[in-house]
Amino acid sequence: NAGVMQNPRHLVRRRGQEARLRCSPMKGHSHVYWYRQLPEEGLKFMVYLQKENIIDESGMPKERFSAEFPKEGPSILRIQQVVRGDSAAYFCASSSDISGNTIYFGEGSWLTVV
Amino acid sequence: GESVGLHLPTLSVQEGDNSIINCAYSNSASDYFIWYKQESGKGPQFIIDIRSNMDKRQGQRVTVLLNKTVKHLSLQIAATQPGDSAVYFCAEKKGGYQKVTFGTGTKLQVIP
């Protein structure tokens, strides 16, 4: 998982605030995936992006959540008006091409909503 | 619906013994099955994968077995070491990109 950089590693937000999680993929990777992990559970797919395009957002909640991967800069997962149920670890992963059989995960961003 | 699940939530193994972590799946359309290791406070780390048309694949100290008849996947770790202590997830991938579906995970505890 070396090379996928996520920040912040830990984020505390009050209910109603916004959370922004950033992910820089491995060098040369143009495919980014976001996953969410609740305590004691597996990772749940949220969204898959390529540069400037959302390819699959079937795992994203319909409201308050959005993701982008601009031409320049990191991918951003944005959560508006956070609620306590948003508290989780959010993992970003990247791969080099669409058919890559290995994706590399970052160390995660732990969001706590108080 | 599709699901990837694990038989045991926790597995305790003596150091030096072999470990076997099991996983059941229900979606026959998956192209690949993948094992990840996740240490506390870290992201998942790829261990090994197996294509759906294979029965067995070996890596360094690890072997994955796939039984499509009973939709069962296992990860065998030889000579388990304290550094193997982690949560292990099986996952499945289908389609042209890496949208994997993860199971709940099995926690492996290695007893020194």
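Everything here concerns the structure above.
Basis of the calculations
- Residues numbered from 1 in each chain as written.
- Chains lettered and ligands numbered in written order.
- Predicted model: local features only at pLDDT ≥ 70, side-chain atom pairs only at ≥ 80, totals over all residues.
- Heavy atoms only, no water.
- Helix = DSSP H or I, 4+ residues; strand = E, 2+ residues; numbered from the N terminus.
- Buried < 20%, exposed > 50% of the residue type's maximum accessible area, 1.4 Å probe, protein only.
- Contact = heavy atoms within 4.5 Å.
- Disulfide = S-S within 2.5 Å.

Draft legend 1. Geometry of the environment of Tyr36(B). Looking at where Tyr36(B) falls in the secondary structure, it is placed in strand β4 (residues 32-38). On the basis of relative accessibility, which here comes to 0%, the residue Tyr36(B) falls in the buried class. Along the backbone, Tyr36(B) and Glu92(B) are 56 residues apart, and their C-alpha atoms lie at a distance of 11 Å. Look past the residues within four positions of Tyr36(B) in its chain and what remains in contact with it is Ile103(A), Phe105(A), Pro44(B), Gln45(B), Phe46(B), Ile47(B), Val87(B), Tyr88(B), Phe89(B), Ala91(B) and Phe102(B).

Draft legend 2. Layout of the state of the cysteines. With the rule as written, the count across this model stands at two disulfides over all chains. For Cys23(A), the disulfide goes to Cys92(A), at an S-S distance of 1.8 Å. Here the disulfide of Cys23(A) and Cys92(A) is left-handed, its torsion about the S-S bond being about -55 degrees. Note that Cys23(A) is positioned in strand β3 (residues 19-24) and Cys92(A) in strand β9 (residues 88-95), a separation of 69 residues in sequence. Cys92(A) carries the same exposure label as Cys23(A), and that label is buried. With a sulfur-sulfur separation of 1.8 Å, Cys23(B) is cross-linked through a disulfide to Cys90(B). Here Cys23(B) and Cys90(B) share a disulfide; its torsion about the S-S bond, 55 degrees, makes the bridge right-handed. Of this pair, Cys23(B) sits in strand β3 (residues 19-25) while Cys90(B) is found in strand β9 (residues 86-93), placing the two residues 67 residues apart along the sequence.

So yeah, pure geometry; function would need other evidence.
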